[in-house]
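Residue-level structural notes
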Amino acid sequence: MKLPVLLQQALNEAGLEGDWTLTPVAGGDTARSGVLEDRERRYFVKQHRNPLLLEAEARGLEALAVSLSVPRVVHCYSASEGGVLILEYLPIASLSGSSQWMAAGAALARLHRVEGPARYGSHPDNFIGASPQSNADHNDWVAFFANERLTPQLQRARQRGLPVLAAERTGQVIEQLDRWLPSRPPSARVHGDLWQGNLGQVNGEPVFYDPACYHGDPQVDLAMLNLFGGVPAAFYQGYQAEYPATLRYQAWPVYDLYHWLNHYTLFGGQYARAVDDTARRLLITC
């Protein structure tokens, strides 16, 4: 089967000549993905009409590679008609058993415990899913999360048709963020899109992928890991053995609200209820 033109151009630019076959991979809501292989080599490839999105992912993987196991970036190709990201192929499987979850927690803690810059953001702008994500610098975390996270997402959700009451409640949360968020939490490099589908293992060792990196409160990663169901206690045991940080549960629904807004903007439907329920519960907490 003939390869897509864009992919062939990327291979030519990378100097990867060969008799390649491409097998599409199901899953993923943003880019088209597949396994590219010839008789001797195998890569994981992603294609998207917006090359900036894949450039941002490549930067994020390279930033995380200093502290975490991630797929190695082989080449990132950008053209007017789209982009291609060629990654090392890894046979990633789901985490299973206490030892693997403990190792994943310890790995994330090693990322978080490295002190970052004094300002929040401090990373090139990127994307959360297909939505733009500003990482403009702020001295104050509350200001950062209000201005660079919740407010832009609320604006997009309103344009998408978010019900008025949910939008009003979310606006009230933004006005009162200092009820739940500290102004100066630790500034660490965070994965930024760490739901359980972006974490796995190879030969028992944790592997992280599909990041949306910036510098911010490490609790954002811990919150998102629980967005679609809790992680085992072994994960926190491993995390706190490496980085004995307090789990500030009161902040987690605020961080969840950002992702529920983004899910509503991207997918609509049922996520309006998640936005409204999260904002309502925050407003009735003491």
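A brief report on the enclosed structure follows. Fair warning: this is a prediction, and the values are worked out from it, not measured in the lab.

1. Topic: the pairing of strand β2 (residues 32–37)
Here five bridges tie strand β1 (residues 21–25) to β2, and the two strands are oriented antiparallel to one another. Bridge pairing in β2 places Val25 opposite Ser33. Hairpin connection of β2 to strand β3 (residues 42–48): four residues between the antiparallel strands.

2. Here we look at the packing of helix α4 (residues 141–160) against helix α5 (residues 164–175)
The N-to-C vectors of α4 and α5 enclose an angle of 170 degrees; their axes lie 11 Å apart at closest approach. Relative to α5, α4 is oriented roughly antiparallel. Contacts from Ala146, Leu150, Thr151, Leu154 and Arg158 in α4 reach Ala167, Thr170, Gly171 and Ile174 in α5. Classifying every residue of the contact of α4 with α5 gives five nonpolar, three polar and one charged.

3. A word on α5
With twelve residues, α5 extends 17 Å from end C-alpha to end C-alpha; this agrees with the ideal 16 Å at 1.5 Å per step. The complete set of buried residues in α5 reads Ala166, Ala167, Arg169, Thr170, Gly171, Val173 and Ile174. Of the surrounding elements, those touching the buried residues of α5 are α4, α8 (252–267) and α9 (271–284).

4. Notes on the packing of aromatic side chains
Counted by the stated rule, this structure contains 17 aromatic pairs. Both rings, one in Trp195 and one in Phe228, keep their centres 6.0 Å apart while their planes meet at 75 degrees; by these two values the pair is edge-to-face. One end of the pair, Trp195, is in the loop between β8 (188–190) and β9 (199–202); the other, Phe228, is in the loop between α6 (219–225) and α7 (233–242), and 33 residues separate them in sequence. Taking the relative accessible area as the measure of exposure, Trp195 reaches 38% and is therefore partly exposed. With relative accessibility at 44%, the residue Phe228 sits in the partly exposed group. Above the face of the Tyr214 ring, Arg149 is positioned so that its terminal group lies 4.2 Å from the ring centre. A cation over an aromatic ring shows up here: Arg160 above the ring of Tyr264, its NZ or CZ 6.0 Å from the ring centre.

5. Regarding the nonpolar core
Generally speaking, soluble globular proteins have nonpolar side chains that are buried together. By size, the foremost hydrophobic cluster in this structure holds 74 residues, and its most contacted members are Phe145, Leu162 and Leu177. The residues touching Phe145, leaving out its near neighbours within four places in the chain, are Leu150, Leu177, Leu181, Val220, Val254, Tyr255 and Tyr258. Judged by nonpolar contacts, the second largest core, of 14 residues, contains Leu3, Leu36, Val45 and Tyr77.

Reading guide: rules and limits
Position numbers for residues count from 1 along each chain, tracking the sequence in the order it is written. For this predicted model, a pLDDT threshold of at least 70 governs which residues receive local features, and a threshold of 80 or more governs which side-chain atom pairs are given and counted, while totals over whole chains, interfaces and linings are taken from all residues. To get the side-chain values, take all heavy atoms of the structure and skip hydrogens and water. Here, a strand pair is defined by DSSP locating no fewer than two bridges between the strands. Going along the chain from the N terminus, every DSSP run of H or I of four or more residues is numbered as a helix, and every run of E of two or more is numbered as a strand. Angles run from 0 to 180 degrees between N-to-C directions of axes, and those axes are lines fitted to C-alpha atoms, restricted for helices to the stretch in contact. We call two directions roughly parallel when the angle between them is under 35 degrees, roughly antiparallel when it is over 145, roughly perpendicular when it lies between 65 and 115, and oblique otherwise. In this analysis, two residues are considered to be in contact whenever any of their non-hydrogen atoms come within 4.5 Å of each other. Residue type decides the class: Asp, Glu, Lys and Arg count as charged, Ala, Val, Leu, Ile, Met, Phe, Trp, Tyr, Cys and Pro as nonpolar, and the leftover types, Gly among them, as polar. Working rule for helices: expected span equals 1.5 Å times residues minus one. Each residue's exposure class comes from its accessible area (1.4 Å probe, protein chains only) as a fraction of the maximum for that residue type: buried when under 20%, exposed when over 50%, partly exposed otherwise. Two aromatic rings, drawn from Phe, Tyr or Trp (for Trp, its six-membered ring), form a pair once their centres lie within 6.5 Å of each other, and the interplanar angle then sorts them: stacked below 30 degrees, edge-to-face above 60, tilted otherwise. Here, a charge over a ring means that NZ of Lys or CZ of Arg falls within 6 Å of the ring centre while also lying within 35 degrees of the ring normal. The term nonpolar core refers to a set of buried residues drawn from Ala, Val, Leu, Ile, Met, Phe, Trp, Tyr and Cys, joined through side-chain atoms within 4.5 Å.

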